[in-house]
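Architecture at a glance
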Amino acid sequence: MDLENDSYSNERSRNDLALRMIRHEARTCTIRECTGLTDDRIRRLYRSYAHELSEAPVRRRRGKSPRQVTFFVRNTRAQFESSLLASAFAAFGLLQPANMKPSNESDDPLDYGRRFCDAYETHQQLLNTQTLSFEHAWFLLRLLNRSGDLRAVRCRHCDSYYLKDKFNLCRHTCPTCRLKRARTRRCRAKPRKPCSSSRAVMHD
Ligand SMILES: [Zn+2]
C-alpha cells in the first residue's frame, strides 16, 4: 500500500511540475529533463490540462533553444535583469562552485526543477513582468554553472554583484549604477517633473 502511495505521489509530483513548466512555456526537452516524463506524456499534458489551467493560451516553444551569451548583456537593462535572475538562482541554491558537478546532475531532478521554477517566478515578481523567457532563464543557469562565459563580478561603486561576459574587459560599473545615473540625468534635465517612482528606473 505504501509503495502504491509513493508511486502515486511521485507521479503526481511529476505531473504538477510539468504543468507548472508548461504554464511558463518551457520546451518539451526541458520538461522531460526535470520530470522524467516521456515526450508523448508531456504532449498529452499540453493538450488535456494546460488550456484548462491557464487563463491565457499556452504556447509550445519550437525551434532552436537560446544559445547566445551576449543576449544577457546586450544592453544595461538586459544586464540588470540577468544579474537579478542570477541572484535568485543563488538564493534558491541553484548555483554551484566551479569545482563541483553542475547542480542538476547531482540533485534530484524534480527538486531541481521546482527550485528553478521558484527562482524564475521570484524574478518575475521582482520585476513585475515577464522579461526573460523560461528557456532563456534555463540557458542562463547552464551558462553560469558550466561555461564560464558569464561570471559575477563586484561593482567598484556600490559593491553589488552583477553579470559580465568574459570578453568585456573594460566596464567596471554595474547596470544598477548605470540605470541610477541615467535616471539622475533625466531628473536634472526636467527639474519640475519629480522622478520618485522606482518603476522609472526599472523601465529605463
Ligand atoms: Zn554598482
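Refer to the structure above for everything that follows.
Residues numbered from 1 in each chain as written. Predicted model: local features only at pLDDT ≥ 70, side-chain atom pairs only at ≥ 80, totals over all residues. Heavy atoms only, no water.

The helix and strand inventory of the chain stands at nine helices and two strands. Written out in order from the N terminus, the α and β elements of the chain read α-α-α-α-α-α-α-β-β-α-α. Going through the 204 residues of the chain one by one, you find that 42% of them count as buried. In the chain, once contacts between residues fewer than 6 apart in sequence are set aside, the share between residues at least 24 apart is 56%. Carbon together with sulfur atoms contributes 48% to the accessible area of the chain, which is approximately 12300 Å² in total. (Helix = DSSP H or I, 4+ residues; strand = E, 2+ residues; numbered from the N terminus. Buried < 20%, exposed > 50% of the residue type's maximum accessible area, 1.4 Å probe, protein only. Contact = heavy atoms within 4.5 Å. Areas by Shrake-Rupley, 256 points an atom, 1.4 Å probe, with all protein chains shown as cover.)

Another point: the packing of helix α4 (residues 76-91) against helix α6 (residues 109-127). Closest axis-to-axis distance for the α4/α6 pair is 9 Å, and the angle between their directions is 135 degrees. Relative to α6, the element α4 is oriented oblique. Where α4 crosses over α6, the two elements pack in a sense that is right-handed. Residues R77, F80, E81, L84, L85, A88 and F89 of α4 lie in contact with α6, whose contacting residues are F116, A119, Y120, H123, L126 and L127. Among the residues making up the contact of α4 with α6, the classes are represented as ten nonpolar, one polar and two charged. (Axes fitted to C-alpha atoms, helices over the stretch in contact; angles between N-to-C directions. Parallel < 35°, antiparallel > 145°, perpendicular 65-115°, else oblique. Left-handed = near helix turned anticlockwise from the far one by under 90°. Nonpolar A, V, L, I, M, F, W, Y, C, P; charged D, E, K, R; others polar.)

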